[in-house]
Amino acid sequence: MNVKLNFKRTSILMAAAMVMIAFVGVASAENMCQIITIGQTKSTSTQPLDINPEKVTVPVGTCTIWVNFVRDQAVTVSFRENAKACIASVDASTGFEGYELDAGESCYLSERLKHGKTSSIIWGTPGVYKYTIELLGTPYDVSSGKKLAHGVIEVK
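Peer 1: So what's going on with the state of the cysteines? Residues and values would help.
Peer 2: Applying the stated criterion across every chain yields a total of one disulfide. C33 shares a disulfide with C63; S-S distance 1.8 Å. A torsion of 120° about the S-S bond marks the disulfide between C33 and C63 as right-handed. With C33 in strand β1 (residues 33-40) and C63 in strand β4 (residues 63-68), this residue pair connects regions lying 30 residues apart in the sequence. Across the pair, C63 and C33 agree in class, each one buried.

Here it is as C-alpha cells:
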C-alpha cells in the first residue's frame, strides 16, 4: 500500500512539474514556479495538515502552485488577512476568486481542491501575503471557522 501511495504522490508531483515546465517554457526565462504541497501530518500531530514549505520567498513574476495530497478530502487556500492587497498584486491565477464573507471580510479563496488538484497564482507586486489551508468535509469543516495550517508568501 505504501508503494501505491508513493507512486500516486510521485505521479502527481511529476504532473505538477510538467505543468510548471510548460508554463516556464511559455513565459520568459526569469519566471519560475514554487510548488507548495499540502499533506496530512502524522496522527501524533495536533494539526491535521502540513504545508511544505510553510514560508516561501519568491521574486515578482513567480507563480506559486498549491497541490493537495490529502487523501479523500478537499482543502481550500484562502487569503483573508490581506485579501484586497493580494488580489491587486496578482498578475494571473488559476482556481482563485475574490469573495465577500458574511462578516464583511474580503477573501481571496481557491476552489475546493480534491486529492491531486492544484491552484496557482502569478505574483506581480512585492509584499507579504499570509494564507490559510482549511480541510473540508470533516469535523474541521470551513464553516466551523477552524484554520488548520498557515503559510506565508513573500514576494520581492
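Peer 1: Would you mind going over the packing of aromatic side chains in detail, with residue names and values included?
Peer 2: Applying the stated criterion to the full structure yields eight aromatic pairs. Plain terms: the ring middles of F96 and Y108 are 5.3 Å apart, the flat faces sit at 25° to each other, and that makes the pair stacked. With F96 in strand β7 (residues 96-100) and Y108 in strand β8 (residues 106-110), this pair connects stretches of sequence that are twelve residues apart. The same class applies to F96 as to Y108, namely buried. Here the aromatic cluster, defined as three or more aromatic residues joined through ring pairs, consists of W66, F79, F96, Y108, W123, Y129 and Y131.

Peer 1: Describe the sheet that holds β7, listing the residues and the values that go with them.
Peer 2: Backbone-to-backbone hydrogen bonds join strands into a sheet, with any given pair of strands oriented parallel or antiparallel. Strand order in the open sheet formed by six strands is β3-β11-β10-β5-β8-β7, with mixed pairing between adjacent strands. Two strands lie at the open edges of the sheet, namely β3 (55-58) and β7, each paired on one side alone. Each strand axis lies, on average, 25° off the axis of its neighbour in the sheet, ignoring direction. With four bridges connecting them, strand β5 (residues 75-79) and strand β10 (residues 127-135) associate as antiparallel partners. The residue bridging V75 from the neighbouring strand is L135, located in β10.

Peer 1: Talk me through the pattern of salt bridges; I want residue IDs and the actual numbers.
Peer 2: Summed over the entire model, instances satisfying the criterion amount to four salt bridges. Among the salt bridges present, the one from K55 reaches E154, with a minimum N-O distance of 3.6 Å. Of this pair, K55 sits in strand β3 while E154 sits in strand β11 (residues 149-155); the two residues are 99 residues apart in sequence, bridging distant segments of the chain. The class for K55 is exposed, based on a relative accessible area of 51%.

Rules used throughout
Residues numbered from 1 in each chain as written. Predicted model: local features only at pLDDT ≥ 70, side-chain atom pairs only at ≥ 80, totals over all residues. Heavy atoms only, no water. Disulfide = S-S within 2.5 Å. Helix = DSSP H or I, 4+ residues; strand = E, 2+ residues; numbered from the N terminus. Buried < 20%, exposed > 50% of the residue type's maximum accessible area, 1.4 Å probe, protein only. Phe/Tyr/Trp six-rings, centres within 6.5 Å; stacked < 30°, edge-to-face > 60°. Pairing = 2+ DSSP bridges. Axes fitted to C-alpha atoms, helices over the stretch in contact; angles between N-to-C directions. Salt bridge = Lys/Arg side-chain N within 4 Å of Asp/Glu carboxyl O.

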